[in-house]
Amino acid sequence: PVHYTDHPDRIMRIMGGAPVQYRPGKSSPVGIACHTPTRFGIHFKEAPECFEMDVDGSRNGGMPCYGNPKTVELMIRDLEAFYSEGNKDPWRHPSSTNTLWGPPTDKVYYISPPDKGVDCRCEFCRKLVDTEGPRLGRASRIVGRFTARMAGEIKKRWPHVTVHYLPYANYTLPPEDVVFPDNVIVSLCMMSGAANDKEPAIAADNDRMIEGWSKLTG
C-alpha cells in the first residue's frame, strides 16, 4: 500500500468537473474561453467563402476560414453589434440559446477556433499553410495572421480591450513572420501536457514554445 500526493508547480491550476480534492490556484490574470464563437455559422448563407474549404471544394459551415480577410470583417461586425446593440447571437451555445459560450467582455475578446485542426484548402490558406513543417505548426501562420488582423482592428476601435489567443492543435507553435499588436495575450495549450514536463524532451519543447510566444507578444 502507498499514499502519494503531488501538485503541479504552476501559478494557475484549474480543473473542471473532476471528482477529486485539489488546491486551485489562479494568480495569473490570463484566461481563455475555448472554441468560440460557437455560432459563427449564422453567416454561412451570406458568406460561404468565410468557411473552411474541404478537399472536394465544399465548405464546412462549422469551421471559419481564418485565411480569408473577409472573415475578420464579419467577426468585427459581430463584435460591433455586441458592444453597440447587445447582440449575443454568435456566442450562444448550440445546446441552449440562453447560454453564452466565451462571449466578449468589456475588457477581453477571445480567439480560439473550433476543436479541430485548421485544414482549409482555399486560395488564401494554401499560400500560408506549412505542409512540410512540424505537425503543431502547420497552420500557425494562418491563425497567427488572422489574430494579428483582428487584434489590430480591435485596438483601433476598442483600445481598452485585450485579445486573449489560444494557440492549439496544428497552430500551437509560434509563427515566424507574424507581428502582433501589443494588445495580444497568449494562453498556450501545451499539447503534450504540462504534467509531462517531468520528461526532459517535453519540458524543452514547452519551454521553447513559451519563449517563442513571449517574444512575439512581449
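Above this text is the structure in question.
As the structure is a prediction and not an experimental result, all values here were calculated from the model.

A few words on the overall build of the chain. Looking only at helices and strands, one finds 4 helices and 9 strands in the chain. The linear arrangement of helices and strands in the chain, starting from the amino end, is β-β-β-β-α-β-β-β-α-α-β-β-α. Within the chain, the proportion of its 218 residues that are buried is 39%. Pairs at least 24 residues apart make up 62% of the contacts formed inside the chain by residues separated by at least 6 positions.

So, about the environment of Val118. With respect to the helices and strands, Val118 occurs in the loop between strand 7 (108-111) and helix 2 (123-128). Expressed as a C-alpha distance, the spacing of Val118 and Tyr171, which sit 53 residues apart in the sequence, is 7.6 Å. Residues within four places of Val118 in sequence aside, it is in contact with Glu52, Met63, Tyr66, Ala139, Ile142, Val143, Asn170 and Tyr171.

Right, let's talk about the sheet that holds strand 9 (residues 184-186) for a bit. One open sheet holds the 3 strands; their spatial order is 7-8-9, and the pairing between them is parallel. Bordering the open sheet on either side are strand 7 and strand 9, each of which pairs with just one other strand. Between one strand and the next, the sheet's axes are offset by a mean angle of 25 degrees, whatever the strand orientation. As judged from the 4 bridges shared by strand 7 and strand 8 (residues 162-165), these two strands associate in the parallel manner. Across the sheet, residue Val108 finds its bridge partner in strand 8, namely Thr162.

Think of a pair of aromatic rings as described by two things: how far the centres are apart, and how the planes are tilted against each other in angle. If you walk through the whole model with that rule in mind, you get 9 aromatic pairs. Ring geometry for Phe44 versus Phe51: centroids 5.2 Å apart, planes at 75 degrees, classification edge-to-face. With a relative accessible area of 0%, Phe51 lands in the buried category. Taken together, Phe82, Tyr83, Trp91 and Trp158 form an aromatic cluster joined through their ring pairs.

A few words on the packing of helix 1 (residues 69-85) against helix 3 (residues 140-157). Running from amino to carboxyl end, helix 1 crosses helix 3 at an angle of 35 degrees, the nearest separation of the two axes being 10 Å. Helix 3 is crossed by helix 1, and the crossing has right-handed handedness. Contact with helix 1, carried on its side by Thr71, Val72, Met75, Ile76, Leu79 and Glu80, involves Phe146, Arg149, Met150, Glu153, Ile154 and Arg157 of helix 3 and no other residues of that element. In the contact of helix 1 with helix 3, the residues fall into 7 nonpolar, 1 polar and 4 charged.

The next thing to look at is the pattern of salt bridges. Across all of its chains, the model carries 13 salt bridges by this definition. The residue Glu49 makes a salt bridge to Lys70 at a minimum N-O spacing of 2.9 Å. Of this pair, Glu49 sits in the loop between strand 2 (25-26) and strand 3 (51-53) while Lys70 sits in helix 1, and the two are 21 residues apart along the sequence. Classification of Glu49 by relative accessible area gives partly exposed; the value is 27%. In this structure, the salt-bridge partner of Asp205 is Arg208, at a minimum N-O distance of 2.3 Å. Linking Asp205 with Arg208, this pair stays in helix 4 (residues 200-217), spanning 3 residues, or about one helical turn.

Bringing the state of the cysteines into the picture now. Per the counting criterion, the structure on display carries 0 disulfides. Counting only cysteine sulfurs, Cys122 is the nearest neighbor of Cys120, a cysteine outside any disulfide, at a range of 3.6 Å. With a relative accessible area of 6%, Cys120 lands in the buried category.

Calculation rules
- Residues numbered from 1 in each chain as written.
- Predicted model: local features only at pLDDT ≥ 70, side-chain atom pairs only at ≥ 80, totals over all residues.
- Heavy atoms only, no water.
- Helix = DSSP H or I, 4+ residues; strand = E, 2+ residues; numbered from the N terminus.
- Buried < 20%, exposed > 50% of the residue type's maximum accessible area, 1.4 Å probe, protein only.
- Contact = heavy atoms within 4.5 Å.
- Pairing = 2+ DSSP bridges.
- Axes fitted to C-alpha atoms, helices over the stretch in contact; angles between N-to-C directions.
- Phe/Tyr/Trp six-rings, centres within 6.5 Å; stacked < 30°, edge-to-face > 60°.
- Left-handed = near helix turned anticlockwise from the far one by under 90°.
- Nonpolar A, V, L, I, M, F, W, Y, C, P; charged D, E, K, R; others polar.
- Salt bridge = Lys/Arg side-chain N within 4 Å of Asp/Glu carboxyl O.
- Disulfide = S-S within 2.5 Å.

That is the geometry; function is a separate question.
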